[in-house]
Amino acid sequence: MSKKNENINFKVINFIKKLYKNKKFIPLHEPKFIGNEKKYLNECIKSTFVSTVGKFVSEFEYEIAKFTGSRFAVATTNGTSALHISLILAGCNRYSEVITQPLTFVATANAISYCNAEPVFIDVDRDTMGLSPSSLRFFLEKNTIKKNNQCINKKTKKVIKACLPMHSYGHPCRIKEIKKICDEYNIFLIEDAAESLGSLYKNKHTGTFGKLGIISFNGNKIITAGGGGCIITNDKVLAKKAKHLTTTSKVSHNWEFNHDKIGFNYRMPNINAALLLAQLEKINDFIKNKRNLAEKYQAFFKSINYNFFKEPKDCKSNYWLNCIILKNKRQKEKFLEQTNSNGVMTRPTWILMNKLPMYKDAECTDLKNSRWLEDRIVNIPSSVTL
Ligand SMILES: *Cc1c(COP(=O)(O)O)cnc(C)c1O
């Protein structure tokens, strides 16, 4: 690493410190509670309905459905449980395979394993960091046959049941093209929109292209319930089934404990929904602020000739976590070292799923874009600055 690059990295550190008012330590992403959070939490505690019954959950479900433009929403304990239930609803089991991308958070792949299905990792596009429709089509044409209206993997004989693309760091992937391919091959499309609340592809909210979409409200996401997630869908039957499965499959009755199948305790507690409802009221301010921050970053990185990741064409991104794409692995490591030892938190992207011990034998396509990005992506501080 040349002296010149080290000096440039100090320029970056100083720029970020100034953005965040010279705080001693600048985290990657911290939540902001500047609205009705305390009011709703107090109200919730006063009512004593802090757990599985109460009005905040249904109010939140109504508001998030409205915000995303989907007909129904089912709130869950977290994004991972929302993924698990979605894959069950797609019919995934030990005879199934699910297509996803290797560049994602581990929950995406784990949820597939919870259903005893196998993940198949297909490459991403460099300009979206999300599942590549051309790689998807190439894989399906080469490796599958259609039988009884199902897409069968010729090698494993398993059914390719579902496709689970992810909108990386809030940037929408080519979801319309992916949907078209899934429709052709009769593959159930679920969108992992955990990171992309408020992000649009051709003016339509991410998570609403597939049969089901999931969102996460973990502490580091754009809005948080402490922990929480939800499933969004336009399908009334799927929404009903999702609600049933996430609430222990209890048959509605005034006093009886009757359950008609194995269900899950995945319902979002009312107290989390109270916090989240207040957070959701601020989402438009957060997005505006984050897009403004991204604009400042973009201009700055241009001036020092670093590659700042911009929202893909035809998309409006929430810029959840800002990314820069460094020149190579060495430059990335040096950058991580310098920023983190100077009070500016930065992080590399995830290790590709197919490199993790539990997924090392999973079927993969040529993952050249994923590997290229893995060597170069660094996330930089992205908290709302309100
Ligand atoms: C955060 C996240 C999840 C999981 O959400 P949790 O609420 O933490 O369970 C799933 N997929 C992706 C891509 C995520 O970033």
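Residues numbered from 1 in each chain as written. Predicted model: local features only at pLDDT ≥ 70, side-chain atom pairs only at ≥ 80, totals over all residues. Heavy atoms only, no water.

1. Describing the domain arrangement of the chain
One can read the domain layout of the chain as domain 1 (3–30 + 283–380) and domain 2 (37–280). Inter-centroid distance (C-alpha atoms) of domain 1 to domain 2 is 26 Å. Contacts between the two partners involve 40 residues from domain 1, matched on the other side by 45 residues from domain 2. Taken together, the two surfaces of domain 1 and domain 2 that pack against each other cover about 3900 Å², and 63% of this comes from carbon and sulfur. For the pair domain 1 and domain 2, the number of links is 1 salt bridge. For Lys155, the salt bridge goes to Glu363, with nearest N and O atoms at 3.7 Å. Along the contact surface separating domain 1 from domain 2 lie 27 residue pairs in polar contact (both at pLDDT 80 or more). Put simply, the parts of the chain that give the side of domain 1 that touches domain 2 at least two residues each are helix H10 (283–303), strand S13 (315–316), strand S16 (363–364), helix H12 (368–374) and strand S17 (377–380). Of the residues that constitute the side of domain 1 that touches domain 2, the class distribution is 22 nonpolar, 10 polar and 8 charged. (Domains from an automatic or database assignment. Contact = heavy atoms within 4.5 Å. Buried area = accessible area lost by both parts, 1.4 Å probe. Salt bridge = Lys/Arg side-chain N within 4 Å of Asp/Glu carboxyl O. Polar contact = N/O pair within 3.5 Å; in protein donor to acceptor, adjacent residues only side chain to side chain. Helix = DSSP H or I, 4+ residues; strand = E, 2+ residues; numbered from the N terminus. Nonpolar A, V, L, I, M, F, W, Y, C, P; charged D, E, K, R; others polar.)

2. Considering the pairing of strand S11 (residues 229–233)
Extensive coverage of S11 is indicated by the burial of 5 of its 5 residues. Two elements, strand S1 (residues 72–76) and S11, share 5 bridges in a ladder whose sense is antiparallel. Following the sheet pairing, Val74 is matched in S11 by Ile231. Examined bridge by bridge, strand S10 (residues 212–216) and S11 share 4 bridges and lie antiparallel to one another. Directly across from Ile215, in S11, lies its bridge partner Cys230. (Buried < 20%, exposed > 50% of the residue type's maximum accessible area, 1.4 Å probe, protein only. Pairing = 2+ DSSP bridges.)

3. Examining empty space enclosed by the protein
Inspection of the entire model under this criterion finds 1 cavity of 30 Å³ or more. As a volume, the largest cavity reaches approximately 50 Å³. His29, Glu30, Pro31, Lys32, Lys221, Ile222, Gln279, Phe286 and Val384 are the residues that line the largest cavity. Residues that form the lining of the largest cavity fall into these classes: 4 nonpolar, 2 polar and 3 charged. Here the lining of the largest cavity gathers at least three residues from each of two domains, domain 1 (3–30 + 283–380) and domain 2 (37–280). (1 Å grid on protein atoms, 1.4 Å probe; cavity = no way out; pocket = protein on both sides within 12 Å on 5 of 7 lines; lining within 4 Å. Points joined across faces, edges and corners; volume = space filled by probe spheres on them.)

4. A short note on the site of the ligand
Close to the ligand lie 15 residues; Gly79, Thr80, Glu195, Ser216 and Lys221 are nearest. Take Ser216: an N or O atom from its side chain is 2.7 Å from an oxygen atom of the ligand. With respect to the ligand, the side chain of Lys221 contributes an N or O atom lying 3.2 Å from an oxygen atom. When the ligand sits alone it has 370 Å² of accessible area, and the protein chains cover 93% of it. When atom positions are compared with the pocket grids, the ligand is found to occupy the largest pocket. For the shell around the ligand, the secondary structure elements donating two or more residues are helix H4 (79–89) and helix H5 (106–114). Residue composition of the shell around the ligand, grouped by class: 4 nonpolar, 8 polar and 3 charged. (Near = heavy atom within 4 Å. Areas by Shrake-Rupley, 256 points an atom, 1.4 Å probe, with all protein chains shown as cover. Sits in = over half its atoms within 2 Å of the grid points.)

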